[in-house]
Amino acid sequence: MKCYRCEDIIDDKNSSEEHIIINACGGRLKSKNLLCKKCNSIFGDKFDCELARTTNVITNLLMVKRHHGVPQPIRTTRTSTGEKYYLDYGGVSCSSEN
Ligand SMILES: [Zn+2]
């Protein structure tokens, strides 16, 4: 198999397990034949990380289950008052923090 990105041959030395849909969005299906270890790392650092950050509010509220870790809590500030809000995984607990 060749790496989808760089076209290097994927073998036992440079294979890595890649989530087809990122773990942060609940992806469970994995493959070792799509990306080499180097490209998987690049994708993880650049694209998967950004996608996880932008979908965090939705995955947090929907309580999407991951293979490892939980979504980061949602922190925001009401601009008119400066009041800070903190929302836990699942939206179960909502409180302000100062
Ligand atoms: Zn590659």
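Before reading further, recall that the structure is shown in the block above.
A short tour of the structure in this document, coming up. (Residues numbered from 1 in each chain as written. Predicted model: local features only at pLDDT ≥ 70, side-chain atom pairs only at ≥ 80, totals over all residues. Heavy atoms only, no water.)

## Notes on the coordination of the zinc ion
Piece 1. Of the protein atoms, only Cys 3 (SG), Cys 6 (SG), Cys 36 (SG) and Cys 39 (SG) coordinate the zinc ion, at distances of 2.3 to 2.4 Å.
Piece 2. The site at the zinc ion holds four donor atoms, and with the angles between them running 101 to 115°, its shape is tetrahedral.
Piece 3. Mapped onto the sequence, the residues coordinating the zinc ion show the spacing C-x2-C-x29-C-x2-C.
Piece 4. Its relative accessible area of 4% is what places Cys 36 among the buried residues. (Donors = N, O, S within 2.8 Å, 3.2 Å for Na, K, Ca; no water. Tetrahedral: all angles 85-135°; square planar, octahedral: opposite > 155°, others 65-115°. Buried < 20%, exposed > 50% of the residue type's maximum accessible area, 1.4 Å probe, protein only.)

## Quick look at the environment of Glu 7
Piece 1. With respect to the helices and strands, the residue Glu 7 is situated in the segment before strand S1 (18–19).
Piece 2. On the basis of relative accessible area, Glu 7 is assigned to the exposed category, the value being 56%. (Helix = DSSP H or I, 4+ residues; strand = E, 2+ residues; numbered from the N terminus.)

## Details of the side chain of Thr 59
Piece 1. Structurally, Thr 59 is set in helix H1 (residues 37–61).
Piece 2. A relative accessible area of 4% places Thr 59 in the buried class.
Piece 3. When near neighbours in sequence (up to four residues on either side) are disregarded, Thr 59 contacts Ala 24, Cys 25, Val 64, Arg 66, Pro 71 and Tyr 89. (Contact = heavy atoms within 4.5 Å.)

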